[in-house]
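As a plain string of letters, each chain reads:
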Amino acid sequence: MKDKPKNNDKLYYIITGIIIVLCIAAILTITLMNNNDTNSESKELAYTELIKKLENKEVEKIEMTVGSTSAKVKLKNEEEEKQVIVPSTQAFMELIQEQTQKGNEFELIQKPTSILLKISDTLFSLLPTILIVILFVLIFKMQGLGDKGKVYDSEKSEDTHTTFKDVAGLDEEKNELIEIVDFLKEPKKFHEMGAKIPRGILLCGKPGTGKTLIAKAIAGEANVPFISMSGSEFIEMFAGLGASRVRKLFEKAKKIAPCIIFIDEIDAIGARRTNASGAESENNQTLNQLLVEMDGFETNETVIVLAATNRPEMLDKALLRPGRFDRQITIAAPDAKGREEILKIHGKDKKFASNIDLKEIANDTAGFTGAELANVLNEAAIIATIKKHKKIEEEDLEDAVKKVTVGLEKHSRVISDKDKKLTAYHEAGHAIVSKFLETQQDVKEVSIIPRGLAGGYTMYKTNEDKYYISKTEMEEKLIALLGGRAAEKIALNDISTGASNDIEVATKIAQDMVTVYGMSDNIGPIYLKQKDPYEPQVFGENIDDAIGLEVKTMIDTAYKRAQEIILAHMDKLQAVAERLLEKEIISAEEFETFFN
Ligand code: ADP
Ligand code: ZN
């Protein structure tokens, strides 16, 4: 949405600049060099010819400028002077000396270097320096031009229409922010009462949960400009630029106040200060400038700074002090009701088949963010168009959900039979193992068609949003995740790299169980996740070993259990894997038939 100046543009300007400068310099030097010679309309005489004439003693007069590569020669039998281009001054001087020693008599006039020549000479020697200086000036100018597009990205004109109505769910958050809207609308009322309105508000949450959207909505509700900038944009290639950008951003805001400044990814600049050098000290400068600006507001300036981050714990504590970003609002991924509302908002202008129930889709998309949901509907519309459906149908939506979660189907990828077999057993392993686990969701689809990076996938039904997950459920999740690897090992007597993602996810879950949820009996309910790498740790080094041991025990136990389940149901594994090899995809209903 932001129209970032393209790097190509910058490059274009710089190159044009250099070419222009080069041309001017070249023209200047050439004219200056030639200037002192061209005023006489003398004809030219070749150097070799001159040597001959000298030998023959036909030369009357030689006139030359010191340092110049041309000379004027008057021959005895001619009226006009002729111009000679000499290959090198030194060789020319030697020639003249040689001739005079031989007794050859002619008039030699040596003019001192002309001022013009001197200038052009100096210019020539200074040329590289001048060019470099001009180049730098140009680059900084371009940078400045870029700023105008970037920093002063007032999106008022395009986005005044974003209001709270466009933000689905998030009712509490909207309620909390409504006073900001009032304040932006009628700052006087608040000032007269002596009320202090927060300067900075930190919006915390995963990407795509609607932080930018809600910030824009505040601007839209209050009908004030919205200036936005991303933290990562502050970190630029030239030192000192980040800080000056922050300054300019706030300058601009104060000029057009009342308004909203939105800083996305504030952690890119607001991360803890360190004593390091280079990029980090550049970072410090930017952060310091931001702190200065936050403190520098006059009480009557109505500028509200909203900043978004996914990692509030990484931020420098100084940023969170009173008067700065002293208010935090956490924006969580939407629940089922929120998802339904988001789908409704984004489905407004889309044509759905009559049997489509957005509530059902909401129930099937637990964990999706607002951005992902918007994406699902858009993908569904694209798929429906490509398939020439009159309206968006259920299968289009299902495809879209899959596309957003596991990536695009890759029919073009050539897969060897061996890989196919491996994938079939791996996926069948997940499906069978989770089938025999009480807490795990029912299988929705098993497929060995590659999607995104995955060679195949097992999808589970999601039917409810849960706020709490029990220890048993987490343990069984580990078992289901390792079901793929277990099946490979038992059925094919070998293991593959295909399980790497399962292993990664399982390890993370096990780690969280120990360090965040206090679910390990040996360690107990203690929070051990290292959130803040700069703060001293409460526990000694040994605690890491203890955590590692606990994680290993959990994973080992789960893997053992997965293998037991596979061994007990080898016939089913075989059958499901074979069906997968034959049909590539198995639906929920078909999967159930194996167990009747
Ligand atoms: P963030 O800033 O948190 O990364 P955005 O505000 O950029 O997320 O959200 C991206 C897009 O997702 C929005 O433009 C909007 O289309 C959609 N979206 C996210 N949350 C919501 C919501 N609560 N209601 C409606 N649309 C949403
Ligand atoms: Zn797997």
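Considering the nonpolar core
1) Next: Core analysis: the largest hydrophobic core is formed by 43 residues, its most contacted members being L478, I479, M513, L573, V576, L580 and F591.
2) Next: Broken down by secondary-structure element, the contributors of at least two residues to this core are α17 (417–435), β11 (443–447), α18 (471–492), α19 (500–515), α20 (542–568) and α21 (570–583).
3) Next: With near-sequence residues (within four places) excluded, M513 lies in contact with K471, M474, E475, L478, G518, M519, S520 and M554.
4) Next: In this structure, L170, I180, F190 and I329 belong to the second largest nonpolar core, which totals 27 residues.

Remarks on the site of ligand 1
1) Next: Around ligand 1, 16 residues are found, and the nearest of them are G208, K211, T212, L213 and H346.
2) Next: For ligand 1, a nitrogen atom lies 2.9 Å from a polar atom in the backbone of A168.
3) Next: The side chain of T212 places a nitrogen or oxygen atom 2.4 Å from an oxygen atom of ligand 1.
4) Next: Calculation on ligand 1 without its partners gives an accessible area of 560 Å², and the protein chains cover 80% of this total.
5) Next: Put simply, the parts of the chain that give the shell around ligand 1 at least two residues each are α8 (211–222), α13 (336–347) and α15 (370–386).
6) Next: In terms of residues, the shell around ligand 1 owes the most to one element, α8, which gives three residues.
7) Next: Each of domain 2 (145–330) and domain 3 (336–405) gives at least three residues to the shell around ligand 1.

Focus: the environment of G220
1) Next: When you line up the elements, G220 lands in helix α8.
2) Next: Given the relative accessible area of 14%, G220 is considered buried.
3) Next: As for G220 and T162, which are separated by 58 residues in sequence, their C-alpha atoms are 5.3 Å apart.

What to know about the pairing of strand β2 (residues 59–65)
1) Next: Counting buried positions along β2 gives six out of seven residues, so the element sits mostly inside the fold.
2) Next: In the sheet, β2 pairs with strand β3 (residues 70–75) via five bridges, with the strands oriented antiparallel. From the neighbouring strand, M64 faces β3, where its bridge partner is A71.
3) Next: Here β2 runs beside strand β5 (residues 107–111); their pairing, made up of five bridges, is parallel. The partner of K61 across the bridge, within β5, is E107.

Some remarks on α17
1) Next: In a regular helix each residue adds 1.5 Å, so 19 residues correspond to 27 Å; α17 covers 27 Å between its end C-alpha atoms and thus fits that length.
2) Next: Taken together, the buried positions of α17 are occupied by T423, A424, Y425, H426, E427, A428, G429, H430, A431, I432, V433 and S434.

Here's the deal with the pattern of salt bridges
1) Next: Under the defined criterion, the tally for this structure stands at 26 salt bridges.
2) Next: A salt bridge links E340 to K344, with the nearest nitrogen and oxygen atoms 3.7 Å apart. Of this pair, E340 and K344 both sit in helix α13, four residues apart, which is roughly one turn of the helix.
3) Next: Here K471 makes a salt bridge to D521, at a shortest N to O gap of 3.9 Å. Highlighted residues: K471 in helix α18 and D521 in the loop between α19 and α20, separated in sequence by 50 residues.
4) Next: Judged by its relative accessible area of 69%, D521 is exposed.

Things to note about the sheet that holds β3
1) Next: An order of β1-β4-β3-β2-β5 is seen for the five strands of this open sheet, with the pairing classed as mixed. In this open sheet, the two strands that pair with only one neighbour each are β1 (43–45) and β5. Between one strand and the next, the sheet's axes are offset by a mean angle of 30°, whatever the strand orientation.
2) Next: Pairing of β1 with strand β4 (residues 81–85), which is carried by three bridges, proceeds in the parallel orientation. Within the sheet, the bridge partner assigned to L45 lies in β4 and is V84.
3) Next: Contacts from helix α2 (residues 47–55) reach β1, β2, β3 and β4 within the one sheet, and its direction differs from that of β2 by about 135°.
4) Next: Relative to the sheet, helix α3 (residues 89–101) contacts β2, β3 and β5, its axis offset from that of β2 by approximately 150°.

Side note on the confidence of the model for the protein
1) Next: Per-residue confidence for the protein averages 82 on the pLDDT scale, and 82% of its residues sit at or above 70.
2) Next: Looking across the protein, the model is least confident in helix α5 (residues 156–159), with a mean pLDDT of 44, and most confident in α18, with 96.

Calculation rules
Residues numbered from 1 in each chain as written. Chains lettered and ligands numbered in written order. Predicted model: local features only at pLDDT ≥ 70, side-chain atom pairs only at ≥ 80, totals over all residues. Heavy atoms only, no water. Core = buried A, V, L, I, M, F, W, Y, C linked by side-chain atoms within 4.5 Å. Buried < 20%, exposed > 50% of the residue type's maximum accessible area, 1.4 Å probe, protein only. Helix = DSSP H or I, 4+ residues; strand = E, 2+ residues; numbered from the N terminus. Contact = heavy atoms within 4.5 Å. Near = heavy atom within 4 Å. Polar contact = N/O pair within 3.5 Å; in protein donor to acceptor, adjacent residues only side chain to side chain. Areas by Shrake-Rupley, 256 points an atom, 1.4 Å probe, with all protein chains shown as cover. Domains from an automatic or database assignment. Pairing = 2+ DSSP bridges. Expected span 1.5 Å × (residues − 1). Salt bridge = Lys/Arg side-chain N within 4 Å of Asp/Glu carboxyl O. Axes fitted to C-alpha atoms, helices over the stretch in contact; angles between N-to-C directions. pLDDT = per-residue confidence, 0-100.

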